[in-house]
Amino acid sequence: MSTTLLSKQPLAKDAGSDSSLDEKGSKADVSAGAIPPLGAPVDAVAGNPFTSMFKKNTKLDLDAIATQPSVFDDPVSLEAYRPPPQYENTHRFDPLARWTWREEISVVKKIDLRIMIWACIMFFSLDLDRSNISQANSDNFLPDLGLTTNDFNLGNTLFRASFLCAELPSQLISKRIGPDIWIPCQMVLWSTVSLAQFWLNGRASFLACRFLLGFMQGGFIPDVVLYLSYFYTKRELPIRMAYFWLSNYIADIVSAFLGTGILRMRGVGGKEGWRYLFLLEGIATLLVGIASFYLMPAGPTQTRKWFTEREEIIMVNRVLRDDPSKSDMHNREGLSIKMIWDAMRDWRLWPIYAVGLVHMMPVGPPQTYLTLSLRNLGFNTTETNLLSIPSVVIGATMLLLTAYFSEKVDSPVAATVILQLWALPLLVALYTFERSTSQWVYYAVVTLITGFPYVHPIQVAWASRNSYSVRTRTVSASLYNMFVQAGAIIYANIYRKDDAPLYKRGNRTLIAIASMNICLYIFAFFFNKYLNHRRDKTWNSWTQKEREEYVENTKDVGNKRMDFRFAY
């Protein structure tokens, strides 16, 4: 059920399934010893310490060859997939390069240390500025500015709308000038807007700042996802995405503690505590943004000598062997209008976009209104901020467990439908509550709802895998996130003032959406399964010569290739 490129196997095989072919005399009749031996295909645990923690008795010969079979091992497909001269890492490409598991694990750990950790720090900063509005709400933010719940909803809608509008333009700018330049620029811009919220004075300034903050932050996540894909294989990316979003949860926990302390500054200089919250956290993000100009290398071979030549060869060749399409474009090469339009018309990815639109709707409103709900239950500012922490801890735990489950079953659909199955019974329970229900019972159920398994990282990686080309991946990452933000705009308006405080009408809507989503995931599963089945039927009907001619001469690119199989 994982993404497969049949050409990675010897071309002389007949497809008996998505990823295996029967051997029958290949055109690549290479004499023994003409090319160095390859490593045996394994269930990759190298460079994946999280997975290996849960795998007992996993024995890996660290000095065995780790180089995996690929299209570069056959003369025909080698020339069809050879990286073009304009690819920034071409000088490190070597189809005869071999390395051991010991070397690969060492390189991946070094990438994690140099690249992944800083990506998490940047995302931590984004979430600090994006979600501190929740802590501000616990400090009488709305009454201080004379705002209503509907004004708050409008502000969230403007934030999401501007975030959505900026997604694709931001991704295109990033592709043109490089994410190592554009991402730090984004951070400096949005942190300036964030700290400027210290001077909010009413409805107009609140709405303006929410719009600008969303516009400046839009595109950051798909930019980073594309950037990380330069360094990691498709098997490594989902768990790294889980680590990436874990920083989001850590930011929520840290911001709750920070909010508890900073909000006590209310009265200092005659100012409200939430003003200092925006100011101090905005300054912190500004410093991270400035540092990012120096701590983000452009690519695997442009790392300011962080890696040796040998390590660069391993980085480049292991990623290209996993996904040859990553050499399609230079990392500072822009997209034409035709490329963008072709990527948008790729109907094979539309079910993933549909899932992106609706998957967060059942849990989004309870999460957004958590602090306001706790205040309505009678908890004070300090209690509200501290009581929001358990749901974050549960959510972070479920994020990692779901990512691990995704690795084990190797099925994006099976791993992501869990969110809907988690939310549905809890929403039904929430719908039955009355005003007489114990505040602690209400708190327990809402905490479980907002501690949902966050499957967004798995779906981001799913969209990336099924794109199978840099140009499509660039656009699909933005389109997927645009659908996610569109969904957030919709669910930001499900809970209305006239439905407070129990939101019976809103919860009834959320139950219906969760039920619909389960059906949508089932459809996505069989949709991709059918595409693979149809391609298998065509591929298996071809002779060996016809397959070789196709690989050598086809004009099909990305996931349109007949030898590509979709993940589901």
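Nothing here was measured: the structure is a model prediction, and the numbers come from that model.

Draft legend 1. Here's a closer look at the overall build of the protein chain. A tally of helices and strands in the protein chain yields 24 helices and four strands. Over its C-alpha trace the protein chain gives a radius of gyration of 25 Å, about what one expects of a compact globule, namely 24 Å for 568 residues. Taken across its 568 residues, the protein chain has 60% of its residues classed as buried. Contacts spanning at least 24 positions in sequence make up 83% of the contacts within the protein chain whose residues lie at least 6 apart. Within the structure as shown, the protein chain displays about 22000 Å² of accessible surface, and the carbon and sulfur contribution to it stands at 63%.

Draft legend 2. Summary view of unusual backbone geometry. At Asn-140, a residue that is not glycine, the phi angle is positive and equals roughly 60°. Mapped onto the elements of the fold, Asn-140 is located in the loop between helix 3 (101-137) and helix 4 (141-145). With phi around 55°, Tyr-503 is a residue other than glycine that occupies positive phi space. With respect to the helices and strands, the residue Tyr-503 is situated in the loop between helix 22 (470-491) and helix 23 (504-541).

Draft legend 3. Molecular detail of the UniProt feature "domain: Major facilitator superfamily (MFS) profile" (unreviewed entry) in the protein chain. Mapped onto this numbering, the UniProt entry gives "domain: Major facilitator superfamily (MFS) profile" (unreviewed entry) at residues 115-532. In the segment residues 115-532, helix accounts for 75% and strand for 0%; the C-alpha atoms at its two ends are 35 Å apart.

Draft legend 4. Representation of the packing of helix 6 (residues 179-196) against helix 10 (residues 273-295) in the model. Contact geometry of helix 6 with helix 10 gives a least axis separation of 8 Å together with a crossing angle of 165°. The angle between helix 6 and helix 10 falls in the class roughly antiparallel. Taken as a pair, helix 6 and helix 10 cross one another with a handedness that is left-handed. For the pair formed by helix 6 and helix 10, the contact residues are Ile-181, Pro-184, Cys-185, Met-187, Val-188, Trp-190, Ser-191, Ser-194 and Leu-195 on the first element and Phe-278, Leu-279, Gly-282, Ile-283, Thr-285, Leu-286, Val-288, Gly-289, Ile-290, Ser-292 and Phe-293 on the second. Here the contact of helix 6 with helix 10 is built from residues that sort into 14 nonpolar, six polar and no charged.

Draft legend 5. Geometry of the nonpolar core. Core analysis: the largest hydrophobic core is formed by 131 residues, its most contacted members being Met-122, Phe-141, Phe-220, Leu-228, Phe-244 and Trp-245. Membership of the second largest hydrophobic core comes to 12 residues, among which are Val-71, Val-316, Tyr-550 and Met-562.

Draft legend 6. Expanded view of the packing of helix 5 (residues 149-177) against helix 6. Running from amino to carboxyl end, helix 5 crosses helix 6 at an angle of 135°, the nearest separation of the two axes being 7 Å. By the criterion of interaxial angle, the relationship of helix 5 to helix 6 is oblique. Here Ser-170, Ile-173, Ser-174 and Ile-177 of helix 5 come into contact with helix 6, specifically with Pro-179, Ile-181, Trp-182 and Gln-186. Grouping the constituent residues of the contact of helix 5 with helix 6 by class yields five nonpolar, three polar and no charged.

Draft legend 7. Region of the structure containing the packing of aromatic side chains. Inspection of every chain in the model, using the stated rule, returns 31 aromatic pairs. Pairing Phe-433 with Tyr-442 gives two aromatic rings, centres 6.1 Å apart and planes at 50°, and the pair type is tilted. For Phe-433, a relative accessible area of 10% translates into the label buried. Seen from the ring of Trp-306, Arg-114 lies directly overhead, with NZ or CZ sitting 4.7 Å from the centre. We note Lys-504 situated over the ring of Tyr-431; from NZ or CZ to the ring centre the distance is 5.0 Å.

Draft legend 8. Structural context of the environment of Ser-134. Within the secondary structure, Ser-134 sits in helix 3. Look at Ser-134 and you get partly exposed, because its relative accessible area is 22%. When the C-alpha atoms of Ser-134 and Gly-155 are compared, they prove to be 13 Å apart, with 21 residues separating the residues in sequence.

Draft legend 9. Looking closely at the environment of Thr-90. Its location among the elements puts Thr-90 in the loop between helix 2 (75-81) and helix 3. In this structure, the C-alpha to C-alpha distance between Thr-90 and Asn-317, residues 227 residues apart in sequence, is 9.7 Å. Within the structure, the side chain of Thr-90 is placed 3.0 Å from the backbone oxygen of Tyr-87, a separation counted as a polar contact.

Draft legend 10. Spatial organisation of a nonpolar patch on the surface. Taken together, Leu-280, Ile-283, Leu-287, Ile-290, Phe-293, Tyr-294 and Leu-295 make up a surface patch of nonpolar side chains, about 650 Å² in accessible area. As for its position among the elements, Leu-287 is in helix 10.

Draft legend 11. Inspection of the pattern of salt bridges at higher detail. A complete count under the given rule lists 22 salt bridges for this structure. Among the salt bridges present, the one from Arg-505 reaches Asp-498, with a minimum N-O distance of 2.9 Å. Assessed through its relative accessible area of 36%, Arg-505 is described here as partly exposed. Taking the relative accessible area as the measure of exposure, Asp-498 reaches 64% and is therefore exposed. The salt bridge partner of Asp-563 is Arg-561, with a shortest N-O separation of 2.9 Å. Owing to a relative accessible area of 7%, Arg-561 belongs among the buried residues under this scheme.

Draft legend 12. Quick look at the environment of Thr-260. Residue placement: Thr-260 occurs in helix 9 (residues 237-262). Spatially, the C-alpha atoms of Thr-260 and Pro-457 are 29 Å apart, while their sequence positions differ by 197 residues. The contacts of Thr-260, once residues within four sequence positions are left out, are Thr-382, Asn-385 and Leu-386.

Draft legend 13. Expanded view of the confidence of the model for the protein chain. Averaged over the protein chain, the pLDDT score is 84; the fraction of residues at 70 or greater is 91%. Looking at the elements of the protein chain, mean pLDDT is at its lowest for strand 3 (residues 21-23), recorded as 33, and at its highest for helix 19 (residues 418-432), recorded as 95. Within the model, the stretch residues 10-33 combines pLDDT values under 50 with 53 contacts to residues more than four positions away or in other chains.

Draft legend 14. View of the side chain of Glu-272. Considering the arrangement of structural elements, one finds Glu-272 in the loop between helix 9 and helix 10. Given a relative accessible area of 18%, Glu-272 falls into the buried group. Among the polar contacts made by the side chain of Glu-272, one reaches the side chain of Arg-275 at a distance of 2.6 Å. Residue contacts for Glu-272: discarding those within four places in its chain leaves Asp-139, Asp-144 and Arg-266.

Rules of the game
Residues numbered from 1 in each chain as written. Predicted model: local features only at pLDDT ≥ 70, side-chain atom pairs only at ≥ 80, totals over all residues. Heavy atoms only, no water. Helix = DSSP H or I, 4+ residues; strand = E, 2+ residues; numbered from the N terminus. Rg over C-alpha atoms; globule rule 2.2 N^0.38 Å. Buried < 20%, exposed > 50% of the residue type's maximum accessible area, 1.4 Å probe, protein only. Contact = heavy atoms within 4.5 Å. Areas by Shrake-Rupley, 256 points an atom, 1.4 Å probe, with all protein chains shown as cover. UniProt positions renumbered as here; feature names shortened; annotations may be inferred. Axes fitted to C-alpha atoms, helices over the stretch in contact; angles between N-to-C directions. Parallel < 35°, antiparallel > 145°, perpendicular 65-115°, else oblique. Left-handed = near helix turned anticlockwise from the far one by under 90°. Nonpolar A, V, L, I, M, F, W, Y, C, P; charged D, E, K, R; others polar. Core = buried A, V, L, I, M, F, W, Y, C linked by side-chain atoms within 4.5 Å. Phe/Tyr/Trp six-rings, centres within 6.5 Å; stacked < 30°, edge-to-face > 60°. Lys NZ or Arg CZ within 6 Å of the ring centre and 35° of its normal. Polar contact = N/O pair within 3.5 Å; in protein donor to acceptor, adjacent residues only side chain to side chain. Patch = residues over 30% accessible without salt bridge, like charges linked within 9 Å, V, L, I, M, F, W, Y side chains within 5 Å. Salt bridge = Lys/Arg side-chain N within 4 Å of Asp/Glu carboxyl O. pLDDT = per-residue confidence, 0-100.

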